[in-house]
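Architecture at a glance
Below, each chain spelled out in residue letters.
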Amino acid sequence: MSERVSLEDDLVAHLPELRAFARGLTRDAVAADDLVQETLMKAWTNLDKFQAGTNMRAWLFTIQRNTFYTLARRRKWEVEDAEGTHAARLVQKPAQEGAVALRDFETAFAKLPSEQREALTLVGAAGMSYEEAAEICGCAVGTVKSRVNRARLRLTEELGADLTTIAA
């Protein structure tokens, strides 16, 4: 019988003890089985590093203990979210969509006649009343209202926006 076969048999012989130790660490049968499986995978992968004549049981228990604490540290940073409610609250639209929309608006806004840009900026962006904007522009209130209305309609057409959402 080869040395490797002997090591593999020794590894399998410690399964009941590994399960019991894992059960004590995790206090959960399913998590314990996962821990034993992870331990065996690591041990199997590194079987060539095991020094013959040393304590296989101690080596396996050390692997299992280290694996348990590594997984526990990782879990500290994870959030249990089986139904996805937490993840749904974290969803954010990609930033590039906003940048593209802003660039489209700037392009459409630049196409407006200067009088419409001026009136829309004063009333829409600066929040002035039509009366204040009319005084600044040196024209009638009705003229400012007309310019703002035409500017909004033209922007709506340029951007392909829905008039019902803009009015809201």
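Quick note: structure is the one above.
Scope of this entry: the structure provided in the associated data block.

Calculation rules
- Residues numbered from 1 in each chain as written.
- Predicted model: local features only at pLDDT ≥ 70, side-chain atom pairs only at ≥ 80, totals over all residues.
- Heavy atoms only, no water.
- Helix = DSSP H or I, 4+ residues; strand = E, 2+ residues; numbered from the N terminus.
- Buried < 20%, exposed > 50% of the residue type's maximum accessible area, 1.4 Å probe, protein only.
- Contact = heavy atoms within 4.5 Å.
- Areas by Shrake-Rupley, 256 points an atom, 1.4 Å probe, with all protein chains shown as cover.
- Arc of directions from axis to C-beta.
- Disulfide = S-S within 2.5 Å.
- Patch = residues over 30% accessible without salt bridge, like charges linked within 9 Å, V, L, I, M, F, W, Y side chains within 5 Å.
- Salt bridge = Lys/Arg side-chain N within 4 Å of Asp/Glu carboxyl O.
- Lys, Arg positive; Asp, Glu negative; His and termini not counted.
- Charge placed at Lys NZ, Arg CZ, Asp CG, Glu CD.
- Core = buried A, V, L, I, M, F, W, Y, C linked by side-chain atoms within 4.5 Å.
- Expected span 1.5 Å × (residues − 1).

1. Here's the deal with the overall build of the protein chain
Looking only at helices and strands, the protein chain has 10 helices and zero strands in total. Listed by position from the N terminus, the elements making up the protein chain come as α-α-α-α-α-α-α-α-α-α. A burial count over the protein chain gives 23% of its 168 residues as buried. Long-range pairs, those at least 24 residues apart, make up 54% of the contacts in the protein chain with a sequence separation of at least 6. For the protein chain, the accessible area works out to roughly 11,900 Å², and carbon and sulfur atoms hold 53% of it.

2. Remarks on helix H7 (residues 114–125)
Taken together, the buried positions of H7 are occupied by Gln116, Ala119, Leu120, Leu122 and Val123. Projected onto a plane normal to the axis of H7, the buried residues spread over an arc of 165° and lie on a single side. Backbone geometry just downstream of H7 places Gly127 in the positive-phi region, at approximately 75°.

3. As for the state of the cysteines
Summed over all chains, the structure comprises zero disulfides. Left unpaired, Cys137 is separated from the closest cysteine sulfur, that of Cys139, by 5.0 Å. When its relative accessible area of 23% is taken as the criterion, Cys139 is described as partly exposed.

4. Remarks on a positive patch on the surface
Residues Lys42, Arg73, Arg74 and Lys76 make up a contiguous surface patch of positive charge. No other element matches helix H4 (residues 56–76), which puts three residues into the positive patch. Note on placement: Lys42 falls in helix H3 (residues 29–45). Under the relative-accessibility criterion, Lys42 is labelled partly exposed at 31%.

5. Some remarks on unusual backbone geometry
Its identity is not glycine, yet Arg27 carries a phi of approximately 55°, on the positive side. Tracing the sequence through the fold places Arg27 in the loop between helix H2 (15–26) and H3.

6. Observations concerning the nonpolar core
Ala43, Leu47, Met56, Trp59 and Leu60 are the most contacted members of the largest nonpolar core, which totals 18 residues. Mapped onto this core, the elements with two or more residues apiece are helix H1 (3–13), H2, H3 and H4. Among the elements that take part in this core, H4 stands out by supplying six residues, more than any other. If sequence neighbours within four positions are ignored, Leu60 has contacts with Leu11, His14, Leu18, Thr39 and Ala43. Counting 13 residues, the second largest nonpolar core, distinct from the first, contains Ala108, Leu122, Ala133 and Ala151.

7. A word on a negative patch on the surface
Where like charges cluster on the molecular surface, the negative patch consists of Asp28, Asp33, Asp34 and Glu38. Its location among the elements puts Asp33 in helix H3. Using a relative accessible area of 44% as the deciding quantity, one classes Asp33 as partly exposed.

8. A look at H3
With 17 residues, H3 ought to run about 24 Å at 1.5 Å a step, and its terminal C-alpha atoms sit 24 Å apart, in line with that. Residues of H3 that are buried: Ala32, Leu35, Val36, Thr39 and Ala43. Looking down the long axis of H3, one finds its buried residues gathered within 100° of arc, a one-sided arrangement. With respect to the buried face of H3, the exposed residues turned more than 90 degrees away are Val30, Met41 and Thr45.

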